[in-house]
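Structure at a glance
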Amino acid sequence: MYVNVRLRLPLGKELVVPGSAVFHSGTRNLVFAYRGDGNIEPREVELGSRVGEQQIVAKGVRAGEQIVVSANFLIDSEAQLQAAAGAFVPPPPGAGAAAAMNTPAQAQARVELTTDPSPPHKGSNRVRVKLTSSDGKPITGAQVTVTFFMPAMQEMGMAAMRTVVGPSDKGAGLYEGSGDLGSGGTWQVTVTATQNGQVIVSKHLTLNATGGM
């Protein structure tokens, strides 16, 4: 059983960030700072106490810097993390513009996510994704990935949880698959669809799953 205890202590003036901004990777804690022009930089930070939904940062970022406060789980794969924390190299000038020029017209695709049961629950769930173009036509032949992520809750001794579902194409723009959620609670969900090697849509949302921890 767990108990929540609220303490009021004089901590003085401290630098804080939202708790969701801290990415826990093994023995390191990272915050992703915005460098401008669409670039981010990983910063290893030294953490202090947790104060409500805020996290005290003793070292690693400065007051006034822009940081990623949500969806940082999108760069949690080992390969991406190693590249970011180690040999991070900003993209060349104009790279963002070039990517935009190469994005297919279908990039304005629409995505709808539903689950069975609804809302999802702890355990096995059926995931359905509906893909349509901007003019309402179904998109078939895409590769769809649905990623469920729940950040670590150190105060409760819970590690981060991640479930990846790869729905299969059922025709008429409908994709279906199944996945297991390890806990009830709030999950950060990312739906990504690629076609011909290019991302045509990426949507981020949150879902509240029923069931205990």
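Residues numbered from 1 in each chain as written. Predicted model: local features only at pLDDT ≥ 70, side-chain atom pairs only at ≥ 80, totals over all residues. Heavy atoms only, no water.

1. Some words on the pairing of strand E6 (residues 54-59)
Spelled out, the test is: Pairing between two strands requires that DSSP report at least two bridges joining them. Note on conventions: DSSP H or I runs of at least 4 residues are helices, E runs of at least 2 residues are strands, and numbering of each starts at the N terminus.
Here three bridges tie strand E1 (residues 16-18) to E6, and the two strands are oriented antiparallel to one another. Looking at the pairing, Val17 lines up with Gln55 of E6. Relative to E6, strand E5 (residues 46-51) is paired through four bridges, and the arrangement is antiparallel. Within E6, the residue paired with Val51 across the bridge is Gln54.

2. Observations concerning the sheet that holds E1
Rules: All axes here are fitted lines through C-alpha atoms, helices being fitted over the stretch that makes contact, and every angle between N-to-C directions spans 0 to 180 degrees.
Read across the open sheet, the three strands follow the order E1-E6-E5; overall the sheet is antiparallel. The sheet terminates laterally at E1 and E5, the two strands that pair on one side only. Within this sheet the neighbouring strands show an average axis-to-axis angle of 35°, counted without direction.

3. Topic: the confidence of the model for the protein chain
Put simply, the rule reads: pLDDT measures the predictor's confidence residue by residue and takes values from 0 up to 100. The criterion used for residue contact is that any of the two residues' heavy atoms lie within 4.5 Å.
Summarising the model, the protein chain shows a mean pLDDT of 80, and 77% of its residues fall at 70 or more. When pLDDT is averaged over each helix and strand of the protein chain, the minimum, 45, is found for helix H1 (residues 78-85) and the maximum, 95, for strand E8 (residues 123-132). Note on residues 78-89: pLDDT under 50 across the span, and 15 contacts to partners over four residues away in sequence or across chains.

4. Looking at the pattern of salt bridges
Side chains bearing opposite charge may pair, as long as their charged atoms lie close to each other. To keep it simple, the criterion reads: The salt bridge criterion pairs a side-chain nitrogen of Lys or Arg with a carboxyl oxygen of Asp or Glu, the two atoms within 4 Å. Throughout, exposure labels follow a simple rule: accessible area from a 1.4 Å probe, protein chains only, divided by the maximum for the residue type, with under 20% read as buried, over 50% as exposed, and the rest as partly exposed.
Taken as a whole and judged by the stated rule, the model has five salt bridges. For Glu65, the salt bridge goes to Arg62, with nearest N and O atoms at 3.5 Å. Its relative accessible area of 58% is what places Arg62 among the exposed residues. The closest approach of N and O atoms between Glu176 and Arg128, which form a salt bridge, is 3.1 Å.

5. Some points on the environment of Val57
Along the polypeptide, Val57 turns up in strand E6. Under the relative-accessibility criterion, Val57 is labelled buried at 3%. C-alpha separation for the pair Val57 and Val16, spaced 41 residues apart in sequence, amounts to 5.7 Å. Beyond its immediate stretch of four places on either side in the chain, Val57 contacts Leu15, Val17, Val45, Glu46 and Leu47.

6. Points about unusual backbone geometry
Following Asp116, the chain continues to Pro117 via a peptide bond in cis, the omega torsion being 5°. Inspection of the secondary structure assignment puts Pro117 in the loop between strand E7 (110-116) and E8. A cis geometry characterises the amide bond from Ser118 onward to Pro119, with omega recorded as 0°. Assignment of secondary structure puts Pro119 in the loop between E7 and E8. Positioned with a positive phi, Ala172 is a non-glycine residue whose angle comes to about 60°. Within the secondary structure, Ala172 is located in the loop between strand E11 (168-171) and strand E12 (174-181).

7. Examining the nonpolar core
We count it as follows: Nonpolar cores were defined as sets of buried Ala, Val, Leu, Ile, Met, Phe, Trp, Tyr and Cys residues, with membership established by side-chain atoms within 4.5 Å.
One finds Val129, Leu131, Val146 and Phe148 to be the most contacted residues of the largest nonpolar core, which totals 24 residues. Looking at this core, the elements with two or more residues in it are E7, E8, strand E9 (143-150), strand E10 (161-165), E12, strand E13 (185-195) and strand E14 (198-209). For Val129, the contacting residues outside a window of four places in its chain are Val111, Glu112, Leu113, Val144, Val146, Pro167, Gly173, Leu174, Tyr175 and Val191. Core analysis: the second largest hydrophobic core is formed by seven residues, Val17, Val45, Val57 and Val61 among them.

8. Comments concerning the side chain of Gln195
Stated formally: Think of a polar contact as two N or O atoms within 3.5 Å of one another; within protein, one of them needs to be a possible hydrogen donor and the other a possible acceptor, and neighboring residues in sequence only count if both atoms come from side chains.
Here Gln195 shows up in strand E13. Here Gln195 falls in the buried class, since its relative accessible area comes to 14%. Separated by 2.8 Å, the side chain of Gln195 and the backbone oxygen of Thr140 make a polar contact.

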